[in-house]
Amino acid sequence: MTEQATIAGYRLAVPPPWRRISLDSTAEATIQAIVDDVAAKHTPASVSPDEIGPRKRELVRELMSQVTQASDNGGVDLYLPLDQIHGYSVQASFVVNRVIPDANMSADEVPGVMASLLRDPTTAPVTVADTVWVRRERSVPAEGQEPPVDSVRVDYFTAVPGQARSWIMVSFSSAGAPIVGPEGELNMLVELFDAIMSTWRWHYDAVPPA
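Residues numbered from 1 in each chain as written. Predicted model: local features only at pLDDT ≥ 70, side-chain atom pairs only at ≥ 80, totals over all residues. Heavy atoms only, no water.

Once that is clear, we can look at the pairing of strand E7 (residues 151-160). Extensive coverage of E7 is indicated by the burial of nine of its ten residues. When strand E6 (residues 131-140) meets E7, the two strands line up antiparallel, connected through seven bridges. Residue pairing in the sheet places Val-134 in a bridge with Phe-157 of E7. Both E7 and strand E8 (residues 163-175) contribute to a ladder of nine bridges, which runs antiparallel. Within E8, the position partnered with Ala-159 by the bridge is Trp-167. Counting the residues that bridge the hairpin from E7 to E8 gives two residues, and of these Gly-162 lies at a positive phi of roughly 80 degrees. (Buried < 20%, exposed > 50% of the residue type's maximum accessible area, 1.4 Å probe, protein only. Helix = DSSP H or I, 4+ residues; strand = E, 2+ residues; numbered from the N terminus. Pairing = 2+ DSSP bridges.)

Here is the structure:
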């Protein structure tokens, strides 16, 4: 019998200024390095080290709060834009989550689960590199914001090929008014996220020679 390669992870082509933060023991060191890099690039020469130090520590605390929240919800990786996009400062992020909807699920049940998800009118099937995902886009009402502007959430769901009990959910969210193109195109942040997801590729373990 020929041994088949198993999926060990994934790859995404993520353009700057998006940065990946693995939600493991390396997260704090990664955030500290990111904050140091951002501060070095954008701090005016007139700002003294005594002023920038507290600001950096506050930013590290804010980012670590996001890391903790994403990790507690089953997150594997957190992606954040650490600079402006098209000249706009944005509040956006996306998280790669690994979830187990049913510990007893078999491969034969996956199509039925996908079909059930697709009954939601906010969903649509999307094929990326031979894998079918369920894409869902919805508005989330703003809370305590004046004027009220809904945030946007886009989710991609799929079962890991060959691992019916393990599913991936990639969740993007952005707060505030959408960034539209010069001719009134759709939300450019959502379009960017969809473009990033189109580069998703599974990473396989090497199969030892027979």
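The full count for this structure, using the stated rule, is ten aromatic pairs. Between the aromatic rings of Tyr-79 and Phe-94, the centroid separation amounts to 4.4 Å while the plane-to-plane angle is 10 degrees, which identifies the pairing as stacked. Placement of Tyr-79 in strand E3 (residues 75-81) and of Phe-94 in strand E4 (residues 91-99) is noted, with a sequence separation of 15 residues between them. A single burial state applies to Tyr-79 and to Phe-94, both of which are buried. Here Phe-94 and Phe-193 contribute two aromatic rings whose centre-to-centre distance is 5.3 Å and whose plane-to-plane angle is 50 degrees, an arrangement assigned as tilted. Remark: Phe-193 occurs in helix H4 (residues 188-197) and Phe-94 occurs in strand E4; sequence separation between them is 99 residues. (Phe/Tyr/Trp six-rings, centres within 6.5 Å; stacked < 30°, edge-to-face > 60°.)

Moving on, we come to the sheet that holds E8. Strand order in the open sheet formed by seven strands is E2-E3-E4-E8-E7-E6-E5, and the pairing between neighbours is antiparallel. Either end of the sheet is taken by a strand with one partner, and the two such strands are strand E2 (18-22) and strand E5 (123-128). The mean inter-strand angle of the sheet, taken between neighbouring strand axes irrespective of direction, is 20 degrees. With nine bridges connecting them, E4 and E8 associate as antiparallel partners. Opposite Val-99, over in E8, you have Trp-167 as the bridge partner. The strands touched by helix H2 (residues 49-72) within the sheet are E2, E3 and E4, with E3 carrying the most contacts at an inclination of about 145 degrees. (Axes fitted to C-alpha atoms, helices over the stretch in contact; angles between N-to-C directions. Contact = heavy atoms within 4.5 Å.)

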